[in-house]
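So the chains spell out like this:
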Amino acid sequence: MATVFSRIIAGELPARFVWQDQTCVAFLSAAPLQPGHTLVVPREEVDEWVEVDPALVTHLTKVAQQIGKAQVAAFSARRAGLMIAGYEIPHLHVHVWPSTSLADFDLARVDNAPDPTDLDDAAARLRAALRDLGHGEVVPQD
């Protein structure tokens, strides 16, 4: 059975995409820690990051780094947080979010009912910042 992320990638479920390339996609978390919280997900359905080809982990990390730079710019954050947890969904994904303190790393603090308008705004700001960083070829249209 396909994971929820595979269904999102296939277009069966909606998501606010901010990055799409041949290897991975990135879209806003439906339960964000902070506005702009993004998940970087390989197109290939794999579970644990320690079990995959190092080239895939490298690519996901490079994409996450660019998204982190865009988050810092778009949301005036002090830093960008990064985490691979892997307990929620058995499909490798990298969490990246604007961060102001270590408290922002607590997944128990996610917003399980974010305002859709706020998510749309965060996606638009993040796409614009990624384009400003020169990544227009992988940033989907609003």
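Residues numbered from 1 in each chain as written. Predicted model: local features only at pLDDT ≥ 70, side-chain atom pairs only at ≥ 80, totals over all residues. Heavy atoms only, no water.

### Description of the nonpolar core
For soluble globular proteins, the rule of thumb is that nonpolar side chains tend to be buried together.
1) Next: Membership of the largest hydrophobic core comes to 27 residues, with the highest contact counts inside it found for Val-18, Trp-19, Val-40, Leu-60, Ile-67, Leu-126 and Leu-130.
2) Next: Listed by contribution, the elements that provide at least two residues to this core are strand E1 (17-20), strand E2 (24-28), helix H2 (54-75), strand E5 (94-99) and helix H3 (116-132).
3) Next: With 8 residues, the single largest contributor to this core is H2.
4) Next: In contact with Trp-19, other than residues within four places in its own chain, are Cys-24, Val-25, Ala-26, Val-63, Gln-66, Ile-67, Leu-130, His-135, Val-138 and Pro-140.
5) Next: If you look at the next biggest cluster of nonpolar residues, it comprises 8 residues, including Ile-8, Val-25, Leu-39 and Ile-89. (Core = buried A, V, L, I, M, F, W, Y, C linked by side-chain atoms within 4.5 Å. Buried < 20%, exposed > 50% of the residue type's maximum accessible area, 1.4 Å probe, protein only. Helix = DSSP H or I, 4+ residues; strand = E, 2+ residues; numbered from the N terminus. Contact = heavy atoms within 4.5 Å.)

### Some points on the sheet that holds E5
1) Next: Taken in spatial order, the 5 strands line up as E1-E2-E3-E5-E4 in an open sheet, and their pairing is antiparallel. Edge positions in the open sheet fall to E1 and strand E4 (79-83), since each of these has one partner strand only. Averaged over all pairs of adjacent strands, the angle between their axes in this sheet comes to 20°, without regard to strand direction.
2) Next: The pairing of strand E3 (residues 38-42) with E5 spans 3 bridges and is antiparallel. When the bridges of E5 are listed, Val-40 appears paired with Val-94.
3) Next: Across the face of the sheet, H3 comes into contact with E1, E2 and E3 while running at roughly 35° to E1. (Pairing = 2+ DSSP bridges. Axes fitted to C-alpha atoms, helices over the stretch in contact; angles between N-to-C directions.)

### Details of H2
1) Next: Helix length check: H2, at 22 residues, gives a terminal C-alpha distance of 31 Å against a target of 32 Å (1.5 Å per residue), a fit within 8%.
2) Next: Turning to H2, its buried residues are Leu-56, Leu-60, Val-63, Ala-64, Gln-66, Ile-67, Gly-68, Ala-70, Gln-71, Ala-74 and Phe-75.
3) Next: In this structure, the buried side of H2 is in contact with E1, E2, E3, E4, E5 and H3.
4) Next: One side-chain oxygen of the residue at the start of H2 lies 2.7 Å from the amide nitrogen of Ala-55, identifying that residue as Asp-53.
5) Next: Note on H2: the residue one or two positions beyond its end, Ser-76, has a positive phi of about 50°. (Expected span 1.5 Å × (residues − 1). Polar contact = N/O pair within 3.5 Å; in protein donor to acceptor, adjacent residues only side chain to side chain.)

### Considering the pairing of E5
1) Next: In terms of residue burial, E5 counts as a mostly covered element, since 6 of its 6 residues are buried.
2) Next: Strand direction decides the pairing type here: E4 and E5, joined by 5 bridges, are antiparallel. Of the residues in E5, the one forming a bridge with Met-83 is His-95.

### Examining the environment of Ile-8
1) Next: With respect to the element layout, Ile-8 can be found in helix H1 (residues 4-9).
2) Next: Spatially, the C-alpha atom of Ile-8 lies 9.8 Å from that of Val-25, the residues being 17 residues apart in sequence.
3) Next: Filtering out sequence-adjacent residues up to four positions away, Ile-8 remains in contact with Leu-13, Pro-14, Ala-15, Phe-17 and Phe-27.

### Topic: the side chain of Ser-99
1) Next: When you line up the elements, Ser-99 lands in strand E5.
2) Next: The class for Ser-99 is buried, based on a relative accessible area of 5%.
3) Next: Engagement of the side chain of Ser-99 in a polar contact is seen with the side chain of Asp-104, the distance being 3.3 Å.
4) Next: Dropping the residues within four chain positions of it, Ser-99 is found in contact with Ala-77, Arg-78, Arg-79, Ala-80, Gly-81, Asp-104 and Phe-105.

### Concerning the UniProt feature "domain: HIT" (unreviewed entry) in the protein chain
1) Next: With numbering aligned to this structure, UniProt lists the feature "domain: HIT" (unreviewed entry) at residues 4-107.
2) Next: Helix makes up 27% of residues 4-107 and strand makes up 24%, while its end C-alpha atoms are separated by 19 Å. (UniProt positions renumbered as here; feature names shortened; annotations may be inferred.)

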